[in-house]
Amino acid sequence: MSTTPPVLAAELAQAWADIQRHHTELPDLAAPESLIGESSSACGHELSFERLLHEAVHGIAAARGVRDTSRAGRYHNRRFLAIAEELGLDHPEEPHPSSGFSLVTLTPEAKRRYRPTIERLQRALKAHTVATATDTARSFRGPAARHGSSGGGVRVKAVCDCGRNVRVVPSVLAQAPIMCGGCGKPFRIPEVVGAGMS
């Protein structure tokens, strides 16, 4: 008997809400889908609860008006570190020369606090990996996948009715709508004029 795998974006939103219960000043996550397939060498390469908690540190820093990074967001400073400690993240004694204190890990206490959340998210990540790995024989994933990057494929511009736009992998947008934080409407990939004409 097969079961439908959990929708990863919904599990990311639920995990974010679990973090918010412990840290009420954490803003809402506008587009959990944006974390799927996204990579950043400064914030970690793979999606995991630890990475989500790292992103929550940035969310709280933004809510507090704290500048927690420099060097175009690559270098994580001691202000980032102070908030990371509040959220249950540990760090090396010395900063990394190029990324600062970005290499944070869950403390044993945070692992205990969030254990059910971590387990749920790991199941969803595993199901997502299985679901997206099954079509590799006949699918083109773009240069990022060919060269081993975790970039997730070629991004296109998606727009909303109020004029805002984001770059997104089309398969991510196909999984569930990405809602605009400005107007509340979904982002969509505009149709190319003349497409489908022979």
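Quantities reported herein were computed from a predicted structural model and do not represent experimental measurements.

Caption draft 1: Region of interest: the packing of aromatic side chains. Applying the stated rule across the entire model yields one aromatic pair. Measuring from ring centre to ring centre gives 4.9 Å for phenylalanine 49 and tyrosine 114, while their planes differ by 45°; the resulting arrangement is tilted. Taken as a pair, phenylalanine 49 in helix H2 (residues 49-64) and tyrosine 114 in the loop between helix H4 (108-113) and helix H5 (115-133) lie far apart in primary sequence, 65 residues in all. Of the two residues, phenylalanine 49 and tyrosine 114, both sit in the buried class.

Caption draft 2: Main features of the pairing of strand E5 (residues 156-159). The sheet contact formed by E5 and strand E6 (residues 165-168) spans four bridges and is antiparallel. In the strand pairing of E6, lysine 157 is matched with arginine 167. The turn linking E5 back onto E6 is made up of five residues, and glycine 163 within it adopts a positive phi angle of 100°.

Caption draft 3: Main features of helix H3 (residues 78-86). Along H3, the residues that are buried comprise Phe80, Leu81, Ile83 and Ala84. End-on view of H3: buried residues confined to an arc of 170°, all on one side of the axis. Between a side-chain oxygen at the N-terminus of H3 and the backbone nitrogen of arginine 79 the separation is 2.9 Å; the capping residue is asparagine 77. Backbone geometry just after H3 places glycine 88 at a positive phi near 95°.

Caption draft 4: Structural detail: helix H1 (residues 8-22). Between its terminal C-alpha atoms H1 stretches 22 Å, which fits the 21 Å expected from 15 residues at 1.5 Å a residue. The set of residues buried in H1 consists of Leu8, Ala9, Glu11, Leu12, Ala15, Trp16, Asp18, Ile19 and Gln20.

Calculation criteria
- Residues numbered from 1 in each chain as written.
- Predicted model: local features only at pLDDT ≥ 70, side-chain atom pairs only at ≥ 80, totals over all residues.
- Heavy atoms only, no water.
- Phe/Tyr/Trp six-rings, centres within 6.5 Å; stacked < 30°, edge-to-face > 60°.
- Helix = DSSP H or I, 4+ residues; strand = E, 2+ residues; numbered from the N terminus.
- Buried < 20%, exposed > 50% of the residue type's maximum accessible area, 1.4 Å probe, protein only.
- Pairing = 2+ DSSP bridges.
- Arc of directions from axis to C-beta.
- Polar contact = N/O pair within 3.5 Å; in protein donor to acceptor, adjacent residues only side chain to side chain.
- Expected span 1.5 Å × (residues − 1).

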